[in-house]
Amino acid sequence: MYEILKKEILAPTIKKIKVKAPLIARKTEPGNFIILRVDEKGERIPLTVADHDDETGEVTIIFQEVGYSTKLLGSLEKGDYIHDIVGPLGHHIDMEGYKKVVLLGGGSGTALLYPKVKGFYEMGAEVITITGARTKNLVILEEELNNYSDRFFITTDDGSYGHHGFVTDVLEDLLDKEDDIDLVVAIGPVPMMRAVADMTEEYDIETIVSLNSIMVDGTGMCGACRVTIGGETKFTCVDGPAFDGHKVDFEELMNRLSFYQDEEALAEETEEEVNE
Amino acid sequence: MALKPKKTPMKEQDPKERVKNYDEVPEGYSDEDAVLEAERCLQCKHQPCVDGCPVSVPIPQFIQAVKDGDVVKANQIIKSKNNLPAVCGRVCPQEEQCEQLCVMGIKNEPVAIGRLERYVADYNMKRGTDKASKKEVEKDRIPELEGKKAAVIGAGPAGLTAAADLAKYGFNVTIFEALHDTGGVLRYGIPEFRLPKAIVDEEVEGIKDLGVNIQLNVVAGKTITIDELFADGYEAVFIGTGAGLPKFMNIPGENLNGVYSANEFLTRVNLMKAYKYPEYKTPVKVQNKVAVVGGGNVAMDAARTARRLGAEKVYIVYRRAEEQMPGRDEEIEHAKEEGVIFKLLNNPIAIHGKNGMVDKMECIQMELGEKDSSGRRRPIPVEDSNWMLDLDTVIIAIGQSPNPMLTKNTKDLETESWGGIITDENLKTSREGVYAGGDVVTGAATVIKAMGAGKKAAENIKEYLLNKNK
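Residues numbered from 1 in each chain as written. Chains lettered and ligands numbered in written order. Predicted model: local features only at pLDDT ≥ 70, side-chain atom pairs only at ≥ 80, totals over all residues. Heavy atoms only, no water.

A. Region of interest: the overall build of chain B. On a plain count of helices and strands, chain B comes out with 19 helices and 16 strands. Over its C-alpha atoms, taken along the principal directions, chain B stretches across nearly 70 × 65 × 50 Å. Scored against the burial criterion, the 470 residues of chain B give a buried share of 59%. Taking the intrachain contacts of chain B between residues at least 6 apart in sequence as the baseline, contacts between residues at least 24 apart amount to 70%. When the accessible area of chain B is evaluated, it comes to approximately 19000 Å², of which 47% is carbon and sulfur surface. With 64 positive and 70 negative side-chain charges, chain B shows a separation of 1 Å between the mean positions of the two kinds. (Helix = DSSP H or I, 4+ residues; strand = E, 2+ residues; numbered from the N terminus. Buried < 20%, exposed > 50% of the residue type's maximum accessible area, 1.4 Å probe, protein only. Contact = heavy atoms within 4.5 Å. Areas by Shrake-Rupley, 256 points an atom, 1.4 Å probe, with all protein chains shown as cover. Lys, Arg positive; Asp, Glu negative; His and termini not counted. Charge placed at Lys NZ, Arg CZ, Asp CG, Glu CD.)

Here it is as structure tokens:
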């Protein structure tokens, strides 16, 4: 059992929790994820570690409530317990040797972007961060990202805050004007990552995307998270979650992510009936 | 009294009923059945059956105790060698082991050793007399080893057995398990109707009673490393991480929605209890037409599970003929009784989709040619014999290999090209103080072979530390 030490609501559906998990905290590096199970009947859900503290043994998780299990997680308060947490899983991102990096986060993907922004900044790279949200009150981690970025841009789809438009608008502008960008990192909804990868391919700039495939065990045992990378099948959990954005079969990824839509709806309906 | 030529039958749930539930299929022996069967044992002096048992259970002795009506004693006799009798009585391939060597079996059916083992284990579990007594536990204790720390990686059959024996020697044992529950393949792989999870729970409780500490949610190679274990005061490590990496066919369409590895399918249903969805929150999607590719026990488990999830047509697609299927006869028979349709001598070559979902599987017919290296006749495709099978779900059960997560993250641990850990005949690896056994060494095999390896490794770890500290 893992106690929730702190909880913060970053945006209406985006929450941040801190849990005590010393074994995981001391091993985590940017890009790693954990799998948790809220209670005995819960699903195993993969979530990226947003931050960690080796000394206090605390792990920070930021997540968006998208379905039954994440809503249940979001309903927990300080002092409540999470039944199981396992990790750190997946490969961390290799950050060495980059001079100028553009990092883009879309929606709750921004939370997953944060440890990478911090990591590259601490490695001494020039960091340009672009975060995009649908509307102003969904913009998260503004201050934290700004602290670790040399340049920082916000975009909103409806123009209620920052630049009116998409993260790719800002990226295109940068790519046109600056020819010394040596890495682009994009984390967010699949269409956003795909748009970024398509754009950077034209400029021939290395691009890393972080995939959010469906998983069960997260240790390479089930293969639910398989993705096609450059024509080869890979497991997101052990081979990723970060991959070369120019090689990902996004079409297949989108399709695979939609497989349990009906069941997810059913789980939420059932829960509503129980609560009524 | 004339010897009965056939095994005392064991009652089974009616196939028409049992495809609608997850209850166990064979119902077990009654006290009378057990005594009748025990009387068939010839009590041979040379005990060939014991040689067929990977953990050397004193078979004639426990059967004699059953015959004498002392089922508690029978259990103690079994437990002196086997830490998981209720599991083995259900899932061991006795027909290839103890029962194959039974003298009765030369002219008649062998003694139903497996059924008797199950009877003894269940009888004692039901009455709470299955736990080893303090005296029994302490008789193997070695003062020099008392309190020394030993780590076991993986809470499957190999790890549980090694841990139990190490604890009996006096070690302070901790098992590190990656999943959120114990049992390994007993929990995530073998379905409830073949091995009720309450039985696994009971057996694991028995091992905890020996003083074994179990830490769940710890992925060796990630959360902790073997170097860290030694730094933390552990003096020996046993690796029993099994063969958990699913094989795929590498044919077009394998990443369509509706294609599962057997591991994923069975893990969802067994470990995550998707058959109780939406009470349990992990879904599994099985519609009406399911093909399971493969001919082993895992394929039979997947096919029979699919029937229970409500699929009308469930096919086994296997590239060889029935007599070459690696699955146990009993499992194949049960699958047939439950309406599973066998499409033998057929090999899938592509899966075709519609709107991203499985729609059809293209198969090619096979015929048997010359014998190959496995001694089985090699299947050869019949030209222009392609045909289409209408489906909505495909489950791939063509085998598993060892998961590289731990070996990749452990320095100087030598492995085979296919991922297995290399050991000597004492199950010692290339790293001092590190032993390995079960599927991670042999490739996917049986529960009992893994248990035999766990036992052997525990004994060698004991010898290693006794010699080291001389």
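B. Looking closely at the overall build of chain A. The number of helices and strands found in chain A is nine helices and 16 strands. Against the compact-globule benchmark of 19 Å for 276 residues, chain A has a radius of gyration of 18 Å, which places it among compact chains. When its C-alpha atoms are laid out on the principal axes, chain A stretches across 55 × 40 × 40 Å. Evaluated residue by residue, chain A yields a buried proportion of 55% over its 276 residues. Pairs at least 24 residues apart make up 64% of the contacts formed inside chain A by residues separated by at least 6 positions. Of the roughly 11800 Å² that chain A leaves accessible, carbon and sulfur atoms contribute 45%. Across chain A, the mean location of the 26 positive side-chain charges is 5 Å away from that of the 54 negative side-chain charges. (Rg over C-alpha atoms; globule rule 2.2 N^0.38 Å.)

C. Just unusual backbone geometry, in detail. Note the cis peptide between G240 of chain A and P241 of chain A, where omega equals 10°. Looking at the element boundaries, P241 of chain A is found in the loop between α7 (236-239) and β16 (242-244). Phi at K273 of chain B is positive, roughly 60°, even though this residue is not glycine. Mapped onto the fold, K273 of chain B is located in the loop between α14 (262-271) and β7 (289-293). At D412 of chain B, a position not held by glycine, the phi torsion is positive, near 60°. Checked against the element boundaries, D412 of chain B lands in the loop between α17 (405-408) and β16 (434-436). Taking the relative accessible area as the measure of exposure, D412 of chain B reaches 60% and is therefore exposed.

D. Examining the sheet that holds strand β10 (residues 151-156) of chain A more closely. Residues and elements named next belong to chain A. With respect to topology, seven strands assemble into an open sheet ordered β11-β10-β9-β8-β12-β13-β16, the strand pairing being mixed. Lying at the two open borders of the sheet, with one neighbouring strand each, are β11 (163-164) and β16. As judged from the three bridges shared by strand β13 (residues 207-210) and β16, these two strands associate in the antiparallel manner. Bridging from a neighbouring strand, V209 pairs with F243 of β16. Sheet strands touched by helix α5 (residues 167-177): β8 (100-106), β9 (126-133), β10, β11 and β12 (183-187). Its angle to β9, the strand with the most contacts, is close to 150°. Contacts from helix α6 (residues 190-203) reach β8, β12 and β13 within the one sheet, and its direction differs from that of β12 by about 165°. (Pairing = 2+ DSSP bridges. Axes fitted to C-alpha atoms, helices over the stretch in contact; angles between N-to-C directions.)

E. Looking closely at the interface of chain A and chain B. Taken residue by residue, the interface counts 47 residues in chain A and 44 residues in chain B. Carbon and sulfur atoms make up 54% of the area that chain A and chain B hide from each other, which totals about 3900 Å². Ranking the residues of chain A by area buried against chain B places K41, M221 and F259 of chain A at the top, with a combined share of 20%. Remark: the boundary between chain A and chain B carries five salt bridges. Of the charged contacts in the structure, one is a salt bridge between E263 of chain A and K285 of chain B, with a shortest N-O distance of 3.3 Å. At the junction of chain A and chain B, the tally comes to 27 residue pairs in polar contact (both at pLDDT 80 or more). (Buried area = accessible area lost by both parts, 1.4 Å probe. Salt bridge = Lys/Arg side-chain N within 4 Å of Asp/Glu carboxyl O. Polar contact = N/O pair within 3.5 Å; in protein donor to acceptor, adjacent residues only side chain to side chain.)

F. Local environment of helix α16 (residues 329-337) of chain B. Residue and element names in this part refer to chain B. Those residues of α16 that fall on the buried side of the exposure criterion are E331, I332, H334 and A335. Buried residues of α16, seen end-on, are gathered within an arc of 160° and therefore sit on one face of the element. At its buried positions, α16 is contacted by α1 (15-18), α15 (297-308) and β9 (341-344). (Arc of directions from axis to C-beta.)

G. Looking closely at the packing of helix α2 (residues 31-38) of chain B against helix α4 (residues 59-67) of chain B. Residue and element names in this part refer to chain B. At their nearest, the axes of α2 and α4 sit 8 Å apart, and the two run at 130° to each other. When the axis of α2 is compared with that of α4, the two are oblique. Crossing handedness for the pair α2 and α4: left-handed. Mapping the contact onto sequence places A34, V35 and A38 in α2 and I63, V66 and K67 in α4. A breakdown of the residues in the contact of α2 with α4 according to their chemical character gives five nonpolar, no polar and one charged. (Parallel < 35°, antiparallel > 145°, perpendicular 65-115°, else oblique. Left-handed = near helix turned anticlockwise from the far one by under 90°. Nonpolar A, V, L, I, M, F, W, Y, C, P; charged D, E, K, R; others polar.)

H. How the structure looks around the sheet that holds strand β8 (residues 313-318) of chain B. All names here are of chain B. Here five strands make up an open sheet; going across it, the order is β6-β14-β7-β8-β9 and the pairing parallel. A single partner strand is all that each edge strand has here, and the edge strands are β6 (259-261) and β9. Adjacent strand axes in the sheet meet at a mean angle of 20° when their direction is disregarded. The pairing of β6 with strand β14 (residues 393-396) spans three bridges and is parallel. Bridge pairing in β14 links V259 to V394.

I. Just the state of the cysteines, in detail. This model, assessed by the stated rule, comprises zero disulfides over all chains. In this structure C222 of chain A is not part of a disulfide, and its nearest cysteine sulfur, from C225 of chain A, lies 6.1 Å away. A residue is classified by how much of its surface remains accessible, and C222 of chain A, at 2% relative accessible area, is buried. In this structure C53 of chain B is not part of a disulfide, and its nearest cysteine sulfur, from C98 of chain B, lies 6.4 Å away. (Disulfide = S-S within 2.5 Å.)

J. Structural detail: the pattern of salt bridges. In this structure the tally under the stated criterion is 51 salt bridges over all chains. With a closest N to O distance of 3.0 Å, K27 of chain A and E228 of chain B form a salt bridge. Of this pair, K27 of chain A sits in the loop between α1 (22-25) and β3 (33-37) while E228 of chain B sits in helix α13 (residues 226-231), on two different chains. Since its relative accessible area comes to 23%, E228 of chain B is described here as partly exposed. Its salt-bridge partner being R194 of chain B, residue D301 of chain B comes within 2.7 Å of it at the nearest N-O pair. Of this pair, D301 of chain B sits in helix α15 while R194 of chain B sits in the loop between α11 (185-188) and α12 (197-209), and the two are 107 residues apart along the sequence. Classification of D301 of chain B by relative accessible area gives buried; the value is 3%. One network of salt bridges, with partners in common, ties together R18, E95, R194, D301, R304, R308, R328, E330, E331, E337 and E338 of chain B.

K. Focus on the environment of V173 of chain B. Residues and elements named next belong to chain B. Note on placement: V173 falls in strand β2 (residues 172-176). The exposure class of V173 is buried, given its relative accessible area of 0%. Those residues in contact with V173 that lie beyond four places of it in its chain are A150, V152, A163, L166, A167, G211, V212 and N213.

L. Structural context of the side chain of S401 of chain B. Residues and elements named next belong to chain B. Inspection of the secondary structure assignment puts S401 in strand β15 (residues 400-401). We classify S401 as buried; its relative accessible area is 15%. Excluding its chain neighbours within four sequence positions, the residues that come into contact with S401 are A243, G244, L245, K247 and W418.

Nothing here speaks to function; it is all geometry.
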